[in-house]
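# Notes for the structure review
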Amino acid sequence: MKILVTGRNGQVTRAIMECSKAQGHKAIVLARPQFDLATSDVSTVRRLMSAAAPDLVVSAAAYTAVDQAETDEKRALAANVGGAEQIAICADELRIPLIHLSTDYVFSGENGCPWREHDEPAPRSVYGYSKLLGERAVANACSDHAILRTAWVYSPFGTNFVKTMLRLAQRSEAVSVVGDQVGNPTSAHDLAAAVIAVGSNMVRSRDPALRGVFHAAGMQEASWADFAKGIFDLSRSQGGPHAEVIEIATADYPTRASRPANSRLDCSRLASVHNHALPGWRHSLPGVLARILAESRSLSVSAEVTRR
Ligand SMILES: NC(=O)C1=CN([C@@H]2O[C@H](COP(=O)(O)OP(=O)(O)OC[C@H]3O[C@@H](n4cnc5c(N)ncnc54)[C@H](OP(=O)(O)O)[C@@H]3O)[C@@H](O)[C@H]2O)C=CC1
Ligand SMILES: Cc1cn([C@H]2C[C@H](O)[C@@H](COP(=O)(O)OP(=O)(O)O[C@H]3O[C@@H](C)C(=O)[C@@H](O)[C@H]3O)O2)c(=O)[nH]c1=O
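Description of the structure in this document.

So, how was this worked out
- Residues numbered from 1 in each chain as written.
- Chains lettered and ligands numbered in written order.
- Predicted model: local features only at pLDDT ≥ 70, side-chain atom pairs only at ≥ 80, totals over all residues.
- Heavy atoms only, no water.
- Buried < 20%, exposed > 50% of the residue type's maximum accessible area, 1.4 Å probe, protein only.
- Helix = DSSP H or I, 4+ residues; strand = E, 2+ residues; numbered from the N terminus.
- Pairing = 2+ DSSP bridges.
- Right-handed = clockwise from strand over helix to strand, strands pointing away.
- Core = buried A, V, L, I, M, F, W, Y, C linked by side-chain atoms within 4.5 Å.
- Contact = heavy atoms within 4.5 Å.
- Near = heavy atom within 4 Å.
- Polar contact = N/O pair within 3.5 Å; in protein donor to acceptor, adjacent residues only side chain to side chain.
- Areas by Shrake-Rupley, 256 points an atom, 1.4 Å probe, with all protein chains shown as cover.
- Nonpolar A, V, L, I, M, F, W, Y, C, P; charged D, E, K, R; others polar.

### Observations concerning the pairing of strand β4 (residues 98–103)
With respect to burial, β4 is a largely interior element, 6 of its 6 residues being buried. Across the two faces of β4 the burial is the same, with Leu98, His100 and Ser102 and Ile99, Leu101 and Thr103 all buried. Relative to β4, strand β3 (residues 56–59) is paired through 3 bridges, and the arrangement is parallel. Residue pairing for β4: Val58 is matched across the bridge by Ile99. Regarding topology, helix α5 (residues 126–141) serves as the crossover connection from β4 to the parallel strand β5 (residues 145–150), and that connection is right-handed.

Below, the structure is given as C-alpha coordinates:
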(Lines give C-alpha, C1' and ligand atoms only; values in the text may rest on other atoms or scores of the structure.)
(Ligands and ions follow the chains in the order given, each with its own letter.)
Protein backbone atom coordinates (compact mmCIF):
# COMPACT_ATOMS: atom_id res chain seq x y z
CA MET A 1 0.00 0.00 0.00
CA LYS A 2 1.23 3.51 -0.81
CA ILE A 3 0.37 5.96 1.98
CA LEU A 4 0.50 9.74 1.72
CA VAL A 5 0.75 11.28 5.18
CA THR A 6 0.67 14.99 6.00
CA GLY A 7 3.42 16.58 8.12
CA ARG A 8 7.11 15.75 8.33
CA ASN A 9 8.53 15.83 11.86
CA GLY A 10 5.26 15.24 13.70
CA GLN A 11 5.18 12.37 16.20
CA VAL A 12 2.47 10.44 14.40
CA THR A 13 3.82 11.11 10.91
CA ARG A 14 7.26 9.80 11.88
CA ALA A 15 5.76 6.75 13.57
CA ILE A 16 3.67 6.03 10.46
CA MET A 17 6.80 6.30 8.30
CA GLU A 18 8.62 3.76 10.50
CA CYS A 19 5.70 1.34 10.86
CA SER A 20 4.90 1.47 7.14
CA LYS A 21 8.46 0.58 6.25
CA ALA A 22 8.51 -2.27 8.80
CA GLN A 23 5.27 -3.67 7.33
CA GLY A 24 6.39 -3.38 3.70
CA HIS A 25 4.23 -0.38 2.81
CA LYS A 26 5.52 2.74 1.12
CA ALA A 27 4.86 6.02 2.92
CA ILE A 28 5.55 9.49 1.56
CA VAL A 29 4.93 12.88 3.11
CA LEU A 30 2.97 15.93 2.06
CA ALA A 31 4.71 18.61 4.07
CA ARG A 32 6.17 22.08 4.31
CA PRO A 33 7.51 23.88 2.35
CA GLN A 34 5.57 22.36 -0.60
CA PHE A 35 2.37 22.05 1.43
CA ASP A 36 1.29 24.36 4.24
CA LEU A 37 -1.94 23.43 6.03
CA ALA A 38 -2.82 27.03 6.74
CA THR A 39 -1.92 28.72 3.47
CA SER A 40 -1.71 26.26 0.54
CA ASP A 41 -4.51 26.53 -2.00
CA VAL A 42 -6.61 23.59 -3.05
CA SER A 43 -5.11 23.44 -6.55
CA THR A 44 -1.63 22.94 -5.05
CA VAL A 45 -2.90 20.17 -2.78
CA ARG A 46 -4.73 18.52 -5.71
CA ARG A 47 -1.60 18.63 -7.88
CA LEU A 48 0.66 17.19 -5.16
CA MET A 49 -1.80 14.48 -4.14
CA SER A 50 -2.54 13.52 -7.71
CA ALA A 51 1.18 13.28 -8.57
CA ALA A 52 1.79 11.08 -5.51
CA ALA A 53 -1.15 8.79 -6.47
CA PRO A 54 -1.42 7.07 -3.06
CA ASP A 55 -3.80 4.23 -2.10
CA LEU A 56 -4.52 5.95 1.23
CA VAL A 57 -4.23 9.52 2.57
CA VAL A 58 -3.56 10.09 6.28
CA SER A 59 -4.25 13.59 7.54
CA ALA A 60 -1.96 13.80 10.58
CA ALA A 61 -0.59 17.35 10.40
CA ALA A 62 -2.30 19.85 12.66
CA TYR A 63 -1.85 22.92 14.82
CA THR A 64 -1.27 21.10 18.15
CA ALA A 65 -0.04 23.84 20.53
CA VAL A 66 -3.00 23.69 22.93
CA ASP A 67 -2.23 26.75 25.09
CA GLN A 68 -0.89 28.86 22.22
CA ALA A 69 -4.09 28.26 20.23
CA GLU A 70 -6.05 30.28 22.81
CA THR A 71 -4.39 33.46 21.54
CA ASP A 72 -3.80 32.29 17.97
CA GLU A 73 -7.29 31.17 17.02
CA LYS A 74 -7.07 32.33 13.42
CA ARG A 75 -4.04 30.18 12.63
CA ALA A 76 -5.36 27.20 14.59
CA LEU A 77 -8.63 27.31 12.63
CA ALA A 78 -6.89 27.88 9.29
CA ALA A 79 -4.79 24.75 9.80
CA ASN A 80 -7.19 22.44 11.64
CA VAL A 81 -10.33 23.33 9.71
CA GLY A 82 -9.27 24.90 6.40
CA GLY A 83 -6.20 22.69 5.90
CA ALA A 84 -8.01 19.52 6.94
CA GLU A 85 -10.89 20.34 4.59
CA GLN A 86 -8.58 20.86 1.59
CA ILE A 87 -7.00 17.46 2.11
CA ALA A 88 -10.48 15.92 2.33
CA ILE A 89 -11.75 17.70 -0.80
CA CYS A 90 -8.79 16.44 -2.84
CA ALA A 91 -8.96 12.88 -1.45
CA ASP A 92 -12.66 12.82 -2.37
CA GLU A 93 -12.07 14.17 -5.91
CA LEU A 94 -9.31 11.62 -6.50
CA ARG A 95 -11.37 8.80 -4.89
CA ILE A 96 -8.70 7.97 -2.29
CA PRO A 97 -9.74 6.72 1.18
CA LEU A 98 -8.85 9.21 3.92
CA ILE A 99 -7.95 8.74 7.57
CA HIS A 100 -8.13 11.96 9.56
CA LEU A 101 -6.73 12.24 13.10
CA SER A 102 -8.63 14.00 15.85
CA THR A 103 -8.53 14.34 19.62
CA ASP A 104 -10.07 13.59 23.01
CA TYR A 105 -10.09 17.38 23.54
CA VAL A 106 -13.31 17.62 21.47
CA PHE A 107 -15.07 16.49 24.67
CA SER A 108 -15.95 18.63 27.70
CA GLY A 109 -14.58 16.12 30.20
CA GLU A 110 -17.80 16.25 32.18
CA ASN A 111 -18.78 12.61 32.05
CA GLY A 112 -18.48 9.74 34.49
CA CYS A 113 -17.42 7.10 31.99
CA PRO A 114 -15.22 6.78 28.88
CA TRP A 115 -16.50 8.75 25.89
CA ARG A 116 -18.14 6.88 23.01
CA GLU A 117 -18.07 8.03 19.40
CA HIS A 118 -21.70 9.19 19.43
CA ASP A 119 -21.36 11.25 22.63
CA GLU A 120 -21.92 14.96 22.10
CA PRO A 121 -18.63 16.87 21.79
CA ALA A 122 -18.32 20.17 23.67
CA PRO A 123 -14.73 21.35 23.49
CA ARG A 124 -13.31 23.56 26.25
CA SER A 125 -10.39 24.97 24.24
CA VAL A 126 -9.73 26.66 20.91
CA TYR A 127 -7.61 23.65 19.90
CA GLY A 128 -10.46 21.22 20.73
CA TYR A 129 -12.98 23.45 18.93
CA SER A 130 -10.76 23.72 15.84
CA LYS A 131 -10.34 19.92 15.74
CA LEU A 132 -14.11 19.41 16.08
CA LEU A 133 -14.81 21.81 13.20
CA GLY A 134 -12.08 19.98 11.28
CA GLU A 135 -13.84 16.64 11.84
CA ARG A 136 -17.09 18.11 10.52
CA ALA A 137 -15.41 19.67 7.48
CA VAL A 138 -13.69 16.37 6.65
CA ALA A 139 -16.91 14.36 7.01
CA ASN A 140 -18.76 16.80 4.72
CA ALA A 141 -16.05 16.94 2.07
CA CYS A 142 -15.10 13.27 1.76
CA SER A 143 -17.49 10.35 2.08
CA ASP A 144 -14.71 7.75 2.09
CA HIS A 145 -13.27 8.75 5.46
CA ALA A 146 -12.42 7.40 8.88
CA ILE A 147 -11.80 9.86 11.71
CA LEU A 148 -9.60 8.39 14.45
CA ARG A 149 -9.78 10.29 17.74
CA THR A 150 -6.70 9.61 19.78
CA ALA A 151 -5.24 11.05 23.01
CA TRP A 152 -2.15 11.90 25.03
CA VAL A 153 0.32 10.80 22.33
CA TYR A 154 3.94 10.08 23.30
CA SER A 155 6.90 8.90 21.26
CA PRO A 156 10.65 9.32 20.86
CA PHE A 157 9.90 12.20 18.44
CA GLY A 158 9.15 15.90 18.82
CA THR A 159 7.58 17.29 21.95
CA ASN A 160 5.38 15.29 24.29
CA PHE A 161 4.59 14.80 27.99
CA VAL A 162 7.14 11.98 28.48
CA LYS A 163 9.99 14.09 27.13
CA THR A 164 8.80 17.14 29.10
CA MET A 165 8.82 15.11 32.36
CA LEU A 166 12.35 13.80 31.68
CA ARG A 167 13.54 17.33 30.96
CA LEU A 168 11.99 18.69 34.16
CA ALA A 169 13.56 15.86 36.20
CA GLN A 170 16.99 16.89 34.98
CA ARG A 171 16.70 20.17 36.85
CA SER A 172 14.34 19.50 39.79
CA GLU A 173 13.97 16.83 42.41
CA ALA A 174 10.18 17.14 42.43
CA VAL A 175 7.62 17.92 39.74
CA SER A 176 4.02 19.02 40.44
CA VAL A 177 1.55 17.28 38.14
CA VAL A 178 -2.24 17.38 37.96
CA GLY A 179 -3.97 14.28 39.29
CA ASP A 180 -7.56 15.16 38.44
CA GLN A 181 -7.39 14.87 34.64
CA VAL A 182 -7.61 11.29 33.38
CA GLY A 183 -7.10 9.90 29.91
CA ASN A 184 -5.50 7.22 27.78
CA PRO A 185 -1.80 7.75 27.04
CA THR A 186 -1.13 6.50 23.51
CA SER A 187 2.14 5.48 21.91
CA ALA A 188 2.51 7.07 18.46
CA HIS A 189 3.77 3.73 17.14
CA ASP A 190 0.69 1.91 18.47
CA LEU A 191 -1.46 4.57 16.83
CA ALA A 192 0.49 4.20 13.58
CA ALA A 193 -0.20 0.45 13.60
CA ALA A 194 -3.92 1.20 14.10
CA VAL A 195 -3.90 3.71 11.22
CA ILE A 196 -2.31 1.13 8.92
CA ALA A 197 -4.76 -1.59 10.03
CA VAL A 198 -7.81 0.65 9.46
CA GLY A 199 -6.37 1.98 6.20
CA SER A 200 -5.69 -1.52 4.88
CA ASN A 201 -9.31 -2.48 5.60
CA MET A 202 -10.59 0.66 3.85
CA VAL A 203 -8.42 0.03 0.79
CA ARG A 204 -9.55 -3.62 0.65
CA SER A 205 -13.27 -2.99 1.07
CA ARG A 206 -15.70 -0.18 0.34
CA ASP A 207 -18.01 -1.36 3.16
CA PRO A 208 -19.47 1.80 4.79
CA ALA A 209 -19.37 0.04 8.19
CA LEU A 210 -15.55 0.41 8.11
CA ARG A 211 -15.89 4.20 7.88
CA GLY A 212 -16.91 6.97 10.27
CA VAL A 213 -15.60 8.01 13.68
CA PHE A 214 -13.49 5.65 15.82
CA HIS A 215 -11.79 6.17 19.16
CA ALA A 216 -8.21 4.89 18.94
CA ALA A 217 -6.19 5.29 22.15
CA GLY A 218 -4.09 3.14 24.47
CA MET A 219 -6.23 0.74 26.47
CA GLN A 220 -5.00 1.77 29.96
CA GLU A 221 -6.13 4.91 31.73
CA ALA A 222 -4.08 7.21 33.93
CA SER A 223 -4.13 10.68 35.38
CA TRP A 224 -1.26 12.89 34.22
CA ALA A 225 0.22 12.42 37.73
CA ASP A 226 -0.06 8.59 37.49
CA PHE A 227 1.55 8.74 34.06
CA ALA A 228 4.39 10.94 35.37
CA LYS A 229 4.99 8.48 38.23
CA GLY A 230 5.09 5.61 35.73
CA ILE A 231 7.57 7.54 33.56
CA PHE A 232 9.91 8.27 36.48
CA ASP A 233 9.71 4.71 37.91
CA LEU A 234 10.73 3.30 34.55
CA SER A 235 13.34 5.95 33.89
CA ARG A 236 14.94 5.34 37.31
CA SER A 237 15.06 1.60 36.56
CA GLN A 238 16.81 2.35 33.25
CA GLY A 239 19.32 4.75 34.85
CA GLY A 240 17.58 7.86 33.48
CA PRO A 241 16.36 11.09 35.10
CA HIS A 242 13.62 10.80 37.71
CA ALA A 243 11.84 13.02 40.21
CA GLU A 244 9.26 12.85 42.94
CA VAL A 245 5.74 13.58 41.65
CA ILE A 246 3.69 15.98 43.74
CA GLU A 247 0.07 15.37 42.81
CA ILE A 248 -1.86 18.64 42.50
CA ALA A 249 -5.31 19.79 41.35
CA THR A 250 -5.96 21.41 37.98
CA ALA A 251 -6.77 24.66 39.82
CA ASP A 252 -3.19 24.66 41.14
CA TYR A 253 -1.70 24.43 37.63
CA PRO A 254 -3.25 27.34 35.71
CA THR A 255 -2.96 27.09 31.93
CA ARG A 256 -4.33 29.30 29.17
CA ALA A 257 -6.42 26.46 27.74
CA SER A 258 -8.89 24.49 29.82
CA ARG A 259 -8.50 20.69 29.47
CA PRO A 260 -11.10 17.95 30.00
CA ALA A 261 -11.11 16.31 33.46
CA ASN A 262 -12.31 13.05 31.94
CA SER A 263 -10.62 12.45 28.60
CA ARG A 264 -11.02 8.67 28.63
CA LEU A 265 -11.98 7.19 25.26
CA ASP A 266 -14.00 4.00 24.83
CA CYS A 267 -12.31 2.19 21.93
CA SER A 268 -14.69 -0.75 21.63
CA ARG A 269 -15.99 0.31 18.19
CA LEU A 270 -12.47 0.07 16.75
CA ALA A 271 -12.11 -3.39 18.29
CA SER A 272 -15.44 -4.68 17.02
CA VAL A 273 -15.35 -3.17 13.51
CA HIS A 274 -11.63 -3.31 12.69
CA ASN A 275 -10.61 -6.04 15.14
CA HIS A 276 -7.85 -3.79 16.43
CA ALA A 277 -6.94 -2.63 19.95
CA LEU A 278 -4.06 -0.41 21.03
CA PRO A 279 -1.90 -1.73 23.91
CA GLY A 280 -1.89 0.17 27.21
CA TRP A 281 0.86 2.57 28.26
CA ARG A 282 2.32 0.13 30.81
CA HIS A 283 3.07 -2.19 27.88
CA SER A 284 4.35 0.41 25.41
CA LEU A 285 6.07 3.05 27.54
CA PRO A 286 9.17 0.95 28.46
CA GLY A 287 10.26 0.59 24.82
CA VAL A 288 9.62 4.25 24.01
CA LEU A 289 11.45 5.39 27.12
CA ALA A 290 14.42 3.13 26.41
CA ARG A 291 14.69 4.68 22.95
CA ILE A 292 14.43 8.26 24.27
CA LEU A 293 17.14 7.57 26.87
CA ALA A 294 19.40 5.81 24.35
CA GLU A 295 19.02 8.66 21.85
CA SER A 296 19.74 11.32 24.48
CA ARG A 297 22.82 9.38 25.69
CA SER A 298 24.17 9.08 22.17
CA LEU A 299 23.52 12.82 21.63
CA SER A 300 25.49 13.71 24.78
CA VAL A 301 28.32 11.38 23.75
CA SER A 302 28.57 13.03 20.33
CA ALA A 303 28.41 16.52 21.94
CA GLU A 304 31.27 15.42 24.24
CA VAL A 305 33.30 14.13 21.28
CA THR A 306 32.74 17.41 19.40
CA ARG A 307 33.89 19.43 22.46
CA ARG A 308 37.18 17.49 22.73
N1 LIG B 1 -0.05 14.95 20.31
C2 LIG B 1 -1.13 14.49 20.93
O3 LIG B 1 -1.12 14.23 22.15
C4 LIG B 1 -2.39 14.25 20.16
C5 LIG B 1 -2.49 14.51 18.82
N6 LIG B 1 -3.70 14.33 18.17
C7 LIG B 1 -3.80 14.61 16.74
O8 LIG B 1 -2.93 13.70 16.08
C9 LIG B 1 -2.35 14.34 14.94
C10 LIG B 1 -0.84 14.20 14.98
O11 LIG B 1 -0.36 14.82 16.15
P12 LIG B 1 1.20 14.83 16.50
O13 LIG B 1 1.95 14.00 15.53
O14 LIG B 1 1.34 14.57 17.95
O15 LIG B 1 1.54 16.36 16.24
P16 LIG B 1 2.94 17.11 16.34
O17 LIG B 1 2.70 18.35 17.12
O18 LIG B 1 4.00 16.16 16.78
O19 LIG B 1 3.26 17.48 14.83
C20 LIG B 1 2.45 18.37 14.14
C21 LIG B 1 2.62 18.10 12.65
O22 LIG B 1 1.77 19.00 11.95
C23 LIG B 1 2.55 19.65 10.98
N24 LIG B 1 2.07 21.01 10.79
C25 LIG B 1 1.72 21.91 11.73
N26 LIG B 1 1.35 23.05 11.15
C27 LIG B 1 1.49 22.86 9.81
C28 LIG B 1 1.26 23.68 8.69
N29 LIG B 1 0.80 24.93 8.80
N30 LIG B 1 1.50 23.16 7.47
C31 LIG B 1 1.94 21.89 7.33
N32 LIG B 1 2.18 21.07 8.36
C33 LIG B 1 1.96 21.56 9.59
C34 LIG B 1 3.97 19.68 11.51
O35 LIG B 1 4.80 19.86 10.39
P36 LIG B 1 6.42 19.95 10.45
O37 LIG B 1 6.88 18.56 10.50
O38 LIG B 1 6.73 20.67 9.20
O39 LIG B 1 6.72 20.74 11.69
C40 LIG B 1 4.05 18.31 12.16
O41 LIG B 1 4.38 17.33 11.22
C42 LIG B 1 -2.88 15.77 14.94
O43 LIG B 1 -3.98 15.84 14.07
C44 LIG B 1 -3.33 16.00 16.37
O45 LIG B 1 -4.38 16.95 16.45
C46 LIG B 1 -4.81 13.87 18.80
C47 LIG B 1 -4.75 13.60 20.14
C48 LIG B 1 -3.54 13.70 20.92
C1 LIG C 1 4.43 20.19 32.05
C2 LIG C 1 3.34 19.94 33.08
C3 LIG C 1 2.03 19.76 32.69
N4 LIG C 1 1.08 19.56 33.63
C5 LIG C 1 -0.30 19.34 33.20
C6 LIG C 1 -0.89 20.41 32.30
C7 LIG C 1 -1.94 19.62 31.55
O8 LIG C 1 -3.11 19.58 32.33
C9 LIG C 1 -1.34 18.24 31.43
C10 LIG C 1 -0.74 17.90 30.07
O11 LIG C 1 0.04 18.98 29.66
P12 LIG C 1 0.73 19.11 28.24
O13 LIG C 1 0.74 20.56 27.93
O14 LIG C 1 2.00 18.36 28.26
O15 LIG C 1 -0.20 18.31 27.28
P16 LIG C 1 -1.31 18.85 26.25
O17 LIG C 1 -0.69 19.76 25.28
O18 LIG C 1 -2.52 19.29 26.94
O19 LIG C 1 -1.59 17.46 25.54
C20 LIG C 1 -2.62 17.38 24.62
O21 LIG C 1 -2.08 17.62 23.32
C22 LIG C 1 -3.08 17.68 22.33
C23 LIG C 1 -2.38 17.90 20.99
C24 LIG C 1 -4.05 16.58 22.37
O25 LIG C 1 -4.75 16.34 21.39
C26 LIG C 1 -4.37 15.94 23.69
O27 LIG C 1 -4.80 14.59 23.56
C28 LIG C 1 -3.24 16.00 24.67
O29 LIG C 1 -2.25 15.04 24.45
O30 LIG C 1 -0.34 18.15 32.45
C31 LIG C 1 1.38 19.52 34.99
O32 LIG C 1 0.48 19.33 35.85
N33 LIG C 1 2.68 19.69 35.38
C34 LIG C 1 3.68 19.92 34.48
O35 LIG C 1 4.86 20.11 34.90
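### Side note on the nonpolar core
Met49, Val162, Val177, Phe227, Ile231 and Phe232 are the most contacted members of the largest nonpolar core, which totals 63 residues. Looking at this core element by element, the count peaks at 7 residues for helix α4 (residues 73–93). Aside from chain neighbours lying at most four places away, what touches Val162 is Tyr154, Phe227, Ile231, Leu285, Leu289 and Ile292. With 28 residues, the next largest nonpolar core counts Val5, Ala27, Val58 and Ala192 among its residues.

### Some remarks on the site of ligand 2
If you check the shell around ligand 2, you find 20 residues, and the closest are Thr103, Asp104, Tyr105, Tyr127 and Arg259. Within the side chain of Arg259, a nitrogen or oxygen atom sits 2.5 Å from an oxygen atom of ligand 2. Here ligand 2, which alone exposes 710 Å², has 83% of that area covered by the protein. Within the residue set of the shell around ligand 2, elements represented by two or more residues are α6 (161–171) and β7 (174–178). Partitioning the shell around ligand 2 into residue classes produces 13 nonpolar, 5 polar and 2 charged.

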